[in-house]
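Residues per chain, in single letters:
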Amino acid sequence: MKNKEGLKFVCLCLSLFIIGLAIPRISTLFIILLPLFLGFCGYLRIPRYFVKSKSVLVSILSLILFVIVNYYQLFYYGIQSNSDTSWAFSHIFIIIGLFFTSISLDFRKIPFPSFSLVAINLSIFFGSSLFVFLSVAQYHSWSFGIANILVKERAVPTIWNSLEAINGPSLDIYSYLGLSTIGILIILLLKLVDYFDKSKRFIFTFTIVSFFSVLMAAYSSIALGARTPFVVLLLSIFVTCVFITFFNSDSKTKKSITLYSLGLFIFFIVICIFTYYALMENLIGLLDNMVENGIGNRFADEGLETDRYQIWLEVLSQMIDLPWGGKVMIISGSYAHNIWLDQIYEAGIFSGLFLLTFHLSQILIIFKFLQLKLPKMIHVFGLCSTLAFFTAFLQAPVMQASTLYFGVSCFFFGSLSRFTSDCKYDHKLLKCSL
C-alpha cells in the first residue's frame with residue numbers, strides 16, 4: 001500500500017514538473033488532466049471548514065471577478081493579437097484551473113505531510129528553472145564555456161520555439177523561483193529540518209533538486225544580464241538567516257548552526273581555491289565580459305535605478321481620468337512593469353483592484369501560515385517563494401509575459417491557503433513526519 005501511494009505521489013510531482021516546463025499544449029493538457037488524476041488518487045476534497053475562512057472566500061471571489069473583468073476588457077479592446085476567443089478561454093482555464101485544483105488538495109491524504117506542500121510546489125519550480133536553463137543553453141548551442149555565456153541582446157528563443165525570441169525579463173521571472181529555493185538548501189545543509197534521520201532519501205532528493213534549481217537559475221540570470229534575480233537570491237538568503245537565527249529557542253540547534261556554518265565556510269573556501277586555479281583564465285574572461293556587457297555594466301551604470309518607477313507614476317496619475325483601460329494612457333514604455341498597474345493600463349481600474357485584493361488576501365493567509373508550529377523548512381520555503389512571486393509582480397509585466405507563470409503563482413497561493421486551513425482544523429498535520 002505504501003509503495004502504491006508513493007508511486008501516485010511521484011506521478012503527481014512529475015505532472016507538476018511537466019507543467020512547470022511550459023511546453024506549449026502539453027503543459028496545458030497536464031493542467032486539464034491534473035484534477036482528474038488527483039480525484040482518482042483521492043487527493044481532492046473541499047471540507048466545510050475551508051469555506052468558512054473569510055480570507056479564502058475573498059481570494060476565490062476576487063480572482064473570479066478579476067478573470068471575468070480582465071479578459072472581457074482585453075477582448076473588448078482587441079488588445080490580444082489573436083481575435084479568436086480561444087486564447088481567452090485557454091488563459092482563463094490555466095489560471096482558474098490551477099487555483100481551484102490547489103485549494104481542493106486534501107493534504108491529509110497526500111503522502112509525506114506536511115512536506116508534501118514543499119514537494120509539489122518545488123516540482124513546478126524545478127521545471128520552470130530547467131525551462132529557462134535549456135532555452136539559454138540551446139541559444140549557446142549547448143556550449144557551456146564560462147567566458148561566453150552572456151547574451152548581449154538579452155533575448156533568446158525558448159527551447160520549445162526556436163523561431164521567436166523571448167526577452168530577458170519574461171524569462172527572468174522563472175529564475176526567481178529557482179533562486180528562492182536557496183532557503184531550502186540552507187536549511188538542509190545546516191540539518192535544521194526535523195526528522196532528518198528518518199528519511200534520508202527524501203531529504204537527499206530535496207537537496208539535489210534545490211541545488212540544481214539554484215545553479216540553473218543563476219546560470220540563466222548571468223547569461224541574460226539580469227539584476228533582479230540576484231536581488232531575490234540575496235533577500236532569500238537574508239530571510240532564511242533571520243528566520244533560523246531569531247526563531248530558534250533551542251540552544252542545541254544554535255550550536256549546530258554555528259558548527260555547520262563553519263563547515264560550509266571551509267567547504268566554499270576549498271571550492272573557490274580549486275575554481276581559481278582550474279578555471280582562472282575563463283573566470284577572468286567572464287568577469288571582463290560581465291563588466292563590459294552584462295550585469296556588472298548594468299549595475300555600474302544604473303545600479304538598481306530603472307525607468308519603471310517613472311512609468312508607475314504615469315499610470316497612477318492617469319488612472320482616475322482614464323479608468324477603463326484600453327492602453328489609452330500615455331506612458332513612456334510598452335508596459336508599466338508592475339502586475340497591478342499593467343492590468344489597470346490594459347483592462348481598467350477594476351481589473352487592477354480585483355487583482356490587488358486577491359494578493360492582499362494572500363498576505364493575510366501567509367501570516368496565518370507563519371503562526372503554525374511547523375518544521376523550519378516549511379516556513380522558509382513559504383516565505384522565500386512568496387518573496388519571489390511578489391518581486392516578479394512588482395518588477396515585471398507578469399500577465400503579458402506568461403499566463404502560465406501567473407497560474408503557477410495561483411497554484412502556490414491556493415496550496416498554501418488549503419494547507420493552512422487543513423493544519424488549523426486537523427492538528428495531526430502539525431505533528432508531521434516523513
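Overview of the structure. Remember, predicted model here, so these are calculated numbers, not experimental data. (Residues numbered from 1 in each chain as written. Predicted model: local features only at pLDDT ≥ 70, side-chain atom pairs only at ≥ 80, totals over all residues. Heavy atoms only, no water.)

**Comments concerning the overall build of the chain**
Here's step 1: Counting its secondary structure elements, the chain contains 18 helices and two strands.
Here's step 2: Buried positions account for 53% of the 434 residues belonging to the chain.
Here's step 3: Taking the contacts inside the chain whose residues are at least 6 apart along the sequence as the reference set, 76% of them involve residues at least 24 apart.
Here's step 4: Accessible surface, the chain as shown: approximately 20,600 Å² in total, 67% of it carbon and sulfur. (Helix = DSSP H or I, 4+ residues; strand = E, 2+ residues; numbered from the N terminus. Buried < 20%, exposed > 50% of the residue type's maximum accessible area, 1.4 Å probe, protein only. Contact = heavy atoms within 4.5 Å. Areas by Shrake-Rupley, 256 points an atom, 1.4 Å probe, with all protein chains shown as cover.)

**Considerations on the pairing of strand S2 (residues 161–167)**
Here's step 1: Judged from the four bridges that link them, strand S1 (residues 155–158) and S2 form a sheet pairing that is antiparallel. Following the sheet pairing, Pro157 is matched in S2 by Ala165.
Here's step 2: Connecting S1 to the antiparallel partner S2 that follows it, the hairpin turn spans two residues. (Pairing = 2+ DSSP bridges.)

**Regarding the side chain of Ser104**
Here's step 1: Residue position: Ser104 is located in the loop between helix H4 (86–103) and helix H5 (116–139).
Here's step 2: Note on Ser104: relative accessible area 11%, which makes it buried.
Here's step 3: Excluding its chain neighbours within four sequence positions, the residues that come into contact with Ser104 are Tyr43, Leu44, Arg45, Ile46 and Arg418.

**Digging into the pattern of salt bridges**
Here's step 1: This structure, assessed with the given rule, holds six salt bridges.
Here's step 2: For the salt bridge of Glu346 with Lys327, the shortest nitrogen-to-oxygen distance reads 3.6 Å. With Glu346 in helix H14 (residues 339–347) and Lys327 in the loop between helix H13 (308–318) and H14, this residue pair connects regions lying 19 residues apart in the sequence.
Here's step 3: We classify Glu346 as buried; its relative accessible area is 5%.
Here's step 4: Residue classification places Lys327 among the partly exposed positions, given a relative accessible area of 35%. (Salt bridge = Lys/Arg side-chain N within 4 Å of Asp/Glu carboxyl O.)

**Overview of the environment of Phe204**
Here's step 1: With respect to the helices and strands, Phe204 occurs in helix H8 (residues 200–223).
Here's step 2: The class of Phe204 is exposed, set by a relative accessible area of 54%.
Here's step 3: A sequence separation of 16 residues divides Phe204 from Leu188, and the C-alpha atoms of the two residues are 8.8 Å apart.

**Re the packing of helix H15 (residues 349–370) against helix H18 (residues 403–425)**
Here's step 1: Where H15 meets H18, the axes come as close as 10 Å, and the angle between the chain directions of the two elements is 40 degrees. If you check the angle between H15 and H18, you find them oblique. Between H15 and H18 lies a crossing of left-handed hand. Counting all contacts with H15, which are made through Leu355, Phe358, His359, Gln362, Ile365, Ile366, Lys368 and Phe369, the residues of H18 involved are Phe406, Cys410, Phe413, Leu416, Ser417, Phe419 and Thr420.
Here's step 2: Per-class residue counts for the contact of H15 with H18 are 10 nonpolar, four polar and one charged. (Axes fitted to C-alpha atoms, helices over the stretch in contact; angles between N-to-C directions. Parallel < 35°, antiparallel > 145°, perpendicular 65-115°, else oblique. Left-handed = near helix turned anticlockwise from the far one by under 90°. Nonpolar A, V, L, I, M, F, W, Y, C, P; charged D, E, K, R; others polar.)

**Re the nonpolar core**
Here's step 1: The biggest cluster of nonpolar side chains holds 113 residues, and the ones touching the most others in it are Phe206, Phe389, Phe393, Leu404, Tyr405 and Phe406.
Here's step 2: Apart from residues no more than four positions distant in its own chain, Phe389 is found in contact with Phe125, Leu177, Tyr405, Val408, Ser409, Phe412 and Phe413.
Here's step 3: Judged by nonpolar contacts, the second largest core, of 11 residues, contains Val315, Met329, Ala336 and Tyr345. (Core = buried A, V, L, I, M, F, W, Y, C linked by side-chain atoms within 4.5 Å.)

**Brief notes about the packing of helix H9 (residues 228–246) against helix H16 (residues 376–395)**
Here's step 1: Two elements in contact, H9 and H16, have axes separated by 10 Å at closest approach and are oriented at 150 degrees. On the basis of the axis angle, H9 is roughly antiparallel to H16. The chirality of how H9 crosses H16 is right-handed. Where H9 abuts H16, its residues Thr228, Val232, Leu235, Ser236, Val239, Thr240 and Phe243 lie against Lys376, His379, Val380, Leu383, Cys384, Leu387, Ala388, Thr391 and Gln395.
Here's step 2: Here the residues of the contact of H9 with H16 are counted per class, giving nine nonpolar, six polar and one charged.

**Focus: helix H3 (residues 54–77)**
One turn of the α-helix equals 3.6 residues, which is why residues spaced by three or four share an orientation.
Here's step 1: An ideal rise of 1.5 Å per residue puts 34 Å on 24 residues; H3 measures up with 34 Å between its terminal C-alpha atoms.
Here's step 2: Three or more residues of H3 are buried, namely Ser55, Val56, Ser59, Ile60, Ser62, Leu63, Phe66, Val67, Asn70, Tyr71, Gln73 and Leu74.
Here's step 3: Next to the buried residues of H3 lie H4, H14, H15, helix H17 (398–401) and H18.
Here's step 4: At the exit of H3 stands Gly78, carrying a positive phi of roughly 65 degrees. (Expected span 1.5 Å × (residues − 1).)

**Considerations on the packing of aromatic side chains**
Here's step 1: For the structure on display, the rule yields 27 aromatic pairs.
Here's step 2: Taking 5.9 Å as the distance between ring centres and 50 degrees as the angle between the ring planes, the aromatic pair formed by Phe389 and Phe413 counts as tilted. With a gap of 24 residues between them, Phe389 in helix H16 and Phe413 in helix H18 connect regions that are remote in the sequence. Taken as a pair, Phe389 and Phe413 share a single burial class, namely buried. (Phe/Tyr/Trp six-rings, centres within 6.5 Å; stacked < 30°, edge-to-face > 60°.)

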